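# Structural overview
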Amino acid sequence: MTIKIFNTLHKKKEDLITIRDDRVSMYVCGPTVYSYPHIGNARAAIIPDILFRLLKSSYKEVIYIRNITDVDDKIFDAAKKENIPFNEISEKFTKIYQNDMSALNILEPTFQPKVTDNIPSIISTIKKILDNGYAYISDEHVIFDTQKYNKYGELSKRSLDEMLDGVRIDVADYKNSPRDFVLWKPSKENQPGWDSPWGYGRPGWHIECTSMIKSIIGDDTTLDIHGGGNDLIFPHHENEIAQGSCMSEIKYCNYWFHNGIVLVNRKKMSKSLGNVILVNDLLKKYSSSTIRLALISAHYRQPLNWMDSTVTEANNLVKKFTSLANSRQLDIGEYDEPSEAINILSDDLNTPEIIKYLSALAKNAKTNDKDMASLIASCNFIGLNILDTSHVKRELPSNINVKKIDQLIKERLAAKKAGDYTKADEIRDKLSSMSIEIKDSKDNTSWQYNPD
Ligand SMILES: [Zn+2]
């Protein structure tokens, strides 16, 4: 199966061709941990999560790295306000982020490096860039020299003037050009920092990602996919390419993958507008499946406009799928591969098309086993929990007779009703010897073939 993905670097949809056939590496810029995650953060994690699931279905090995930025002025400011060490803020919000993401059924990445654990490797990356002549030291800062790197602007396709508009016109006289950016900056004695060859200080934001990628995949390896919100294209990802290309001869990354912003009632989320929607608050009202479905309802490259109807429509669909999936037992058998869902996602992660496909399956799933099985398997594939998997029977070996099992379960229920618990237990043991696991609920008994 060929996966097609829109590559920001070439502004077109391309076949994903990885460095190695059996392995794919992906890095996504993670959160700066100083506040509760909002739905924009959740979208930026769910979209790569869907891609991660898709890659796992095609590659033997998927290296998925999502970092935690736990060194940042915003974190320091929050700590100063509360008069506590900065790592108390970052540790608290790292835990909250990870809990919220796991509540949204987002799979844990293979690696989640933290900046504070990587200071020595960040220093060594900066040294390499300096040694190769692409940076200069000025007023205790180490600055990347964009004039030395002639491909600067390659990702964002911005002209020199546009780039100057895009960066905060920094009048700092330690920079040769306003486009130049900081690799290392000094910290005052009362500020968090680390000793380095350039004095006590801390890394700039852009170098953290480049260094953490290289410390995991190796200096001499090209990253297959780099993702993030499209607000990061310039200057963050542009700067990452510059750094990565100047610390090593090897191409930094082949595919750049960007998701669109989340708007609330067509407006940007902001504290001043008071329209920031936190994952934590949503989870009190809706299931993780509803929130996931709402967040993938627009194509990932488009902005997602969040309105009340976005979440109520998603909620209605999830309710419909859940009630269908739990309405009867099913032998999934040969239909348990969500092949059509994989097909649809392989075309640049077309999640709106997946939702159409699920709705079409739901129309016939009540009476059609194949559609029901596909519905369950496809929902499961994109991380929607519409079914407790214990309801799904595995394919049965030929020596297991369904009628006989149903008969034994009836006999056991009758024995229990009559107070003959010895007989009920004997029947349970008999079923267990046939690898049939039974589960009693208030109204009935379900069973599952479980040879493990
Ligand atoms: Zn980054």
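## With respect to the overall build of the protein
The helix and strand tally for the protein stands at 15 helices and 17 strands. Over its C-alpha atoms, taken along the principal directions, the protein stretches across nearly 90 × 50 × 45 Å. Going through the 452 residues of the protein one by one, you find that 52% of them count as buried. Of the accessible surface of the protein, which amounts to about 22100 Å², a share of 46% is contributed by carbon and sulfur atoms. Where the 59 positive side-chain charges of the protein centre and where its 62 negative ones centre are 6 Å apart.

## A short note on the packing of helix H14 (residues 402-417) against helix H15 (residues 421-433)
As a packed pair, H14 and H15 sit with axes 8 Å apart at the nearest point and diverge in direction by 160°. The angle between the axes of H14 and H15 places the two elements in the roughly antiparallel class. Remark: the crossing between H14 and H15 carries left-handed chirality. Contact residues: H14 offers Ile405, Leu408, Ile409, Glu411, Arg412, Ala415 and Lys416, while H15 offers Tyr421, Lys423, Ala424, Ile427, Arg428, Lys430 and Leu431. For the contact of H14 with H15, the per-class residue count stands at eight nonpolar, no polar and six charged.

## Some thoughts on the side chain of asparagine 259
Note that asparagine 259 resides in strand S10 (residues 253-259). Asparagine 259 gets classed as buried once you look at its relative accessible area, which sits at 5%. Non-local contacts of asparagine 259, meaning those with residues more than four positions away in its chain, are made with Arg43, Ala44, Ile47, Gly228, Gly229, Asn230 and Tyr300.

## Describing the side chain of serine 187
Here serine 187 is to be found in the loop between strand S7 (181-186) and strand S8 (201-203). In this structure the side chain of serine 187 is engaged in a polar contact, spanning 2.8 Å, whose partner is the backbone oxygen of proline 192. Of the polar contacts made by the side chain of serine 187, one reaches the side chain of arginine 202; its length is 3.0 Å. Among residues more than four places away in sequence, those in contact with serine 187 are Pro192, Gly193, Tyr200, Gly201 and Arg202.

## Regarding the coordination of the zinc ion
Summarising the metal site, the zinc ion is bound by the protein donors Cys29 (SG), Cys209 (SG) and His236 (NE2), whose distances to it range over 2.1 to 2.2 Å. Read in sequence order, the donor residues for the zinc ion give the motif C-x179-C-x26-H. Here cysteine 29 is found in the loop between strand S3 (23-28) and helix H1 (39-58), whereas its partner histidine 236 is found in helix H7 (residues 233-247), with 207 residues between them in sequence. Given the relative accessible area of 1%, histidine 236 is considered buried.

## Details of the sheet that holds strand S12 (residues 267-268)
Strand pairing in a sheet is mediated by backbone hydrogen bonds. Such pairs are either parallel or antiparallel. The mixed open sheet is built from three strands, whose spatial order is S12-S11-S13. Every interior strand has two partners, whereas the edge strands, S12 and strand S13 (304-306), have only one. Bridge count for strand S11 (residues 262-264) against S12 is two bridges, and the pairing is antiparallel. Paired with valine 264 across the strands is lysine 267, a residue of S12. Strands in contact with H1 are S11 and S13; relative to S11, the strand with the most contacts, it is inclined by about 150°.

## A short note on the environment of asparagine 105
Following the sequence through the fold, asparagine 105 ends up in the loop between helix H3 (86-103) and helix H4 (119-131). Spatially, the C-alpha atoms of asparagine 105 and tryptophan 205 are 28 Å apart, while their sequence positions differ by 100 residues. With sequence-adjacent residues up to four places away left out, asparagine 105 is seen in contact with Asp49, Arg53, Ser288, Arg292, Gly383 and Asn385. Within polar-contact distance, the side chain of asparagine 105 engages the backbone oxygen of glycine 383 at 2.9 Å.

## Section: the confidence of the model for the protein
Looking at the protein as a whole, its pLDDT mean stands at 91, while 94% of the residues score no less than 70. Every residue in residues 389-394 is under pLDDT 50, and counting partners more than four places away or in other chains gives 17 contacts.

## Focus: the packing of aromatic side chains
By the definition in use, this model includes eight aromatic pairs. Between phenylalanine 76 and phenylalanine 86, the ring centres sit 5.2 Å apart and the planes meet at 85°, which makes this aromatic pair edge-to-face. Here phenylalanine 86 lies in helix H3 and phenylalanine 76 lies in helix H2 (residues 73-82), a separation of ten residues in the sequence. Phenylalanine 76 gets classed as buried once you look at its relative accessible area, which sits at 10%. On the basis of an interplanar angle of 85° and a centroid distance of 6.5 Å, the ring pair of phenylalanine 86 and tryptophan 194 is categorised as edge-to-face. One end of the pair, phenylalanine 86, is in helix H3; the other, tryptophan 194, is in the loop between S7 and S8, with 108 residues separating them in the sequence. The class of phenylalanine 86 is buried, set by a relative accessible area of 15%.

## As for the nonpolar core
Core analysis: the biggest nonpolar cluster contains 73 residues, and Leu55, Ile225, Trp306 and Leu375 have the highest contact counts within it. Among the elements that take part in this core, H1 stands out by supplying ten residues, more than any other. Residues lining this core come from more than one domain, with at least three contributed by each of domain 1 (4-263) and domain 2 (286-393). Counting residues in hydrophobic clusters, the runner-up holds 49 residues, among them Ile65, Phe86, Ile126 and Ile217.

Definitions and limits used
- Residues numbered from 1 in each chain as written.
- Predicted model: local features only at pLDDT ≥ 70, side-chain atom pairs only at ≥ 80, totals over all residues.
- Heavy atoms only, no water.
- Helix = DSSP H or I, 4+ residues; strand = E, 2+ residues; numbered from the N terminus.
- Buried < 20%, exposed > 50% of the residue type's maximum accessible area, 1.4 Å probe, protein only.
- Areas by Shrake-Rupley, 256 points an atom, 1.4 Å probe, with all protein chains shown as cover.
- Lys, Arg positive; Asp, Glu negative; His and termini not counted.
- Charge placed at Lys NZ, Arg CZ, Asp CG, Glu CD.
- Axes fitted to C-alpha atoms, helices over the stretch in contact; angles between N-to-C directions.
- Parallel < 35°, antiparallel > 145°, perpendicular 65-115°, else oblique.
- Left-handed = near helix turned anticlockwise from the far one by under 90°.
- Contact = heavy atoms within 4.5 Å.
- Nonpolar A, V, L, I, M, F, W, Y, C, P; charged D, E, K, R; others polar.
- Polar contact = N/O pair within 3.5 Å; in protein donor to acceptor, adjacent residues only side chain to side chain.
- Donors = N, O, S within 2.8 Å, 3.2 Å for Na, K, Ca; no water.
- Pairing = 2+ DSSP bridges.
- pLDDT = per-residue confidence, 0-100.
- Phe/Tyr/Trp six-rings, centres within 6.5 Å; stacked < 30°, edge-to-face > 60°.
- Core = buried A, V, L, I, M, F, W, Y, C linked by side-chain atoms within 4.5 Å.
- Domains from an automatic or database assignment.

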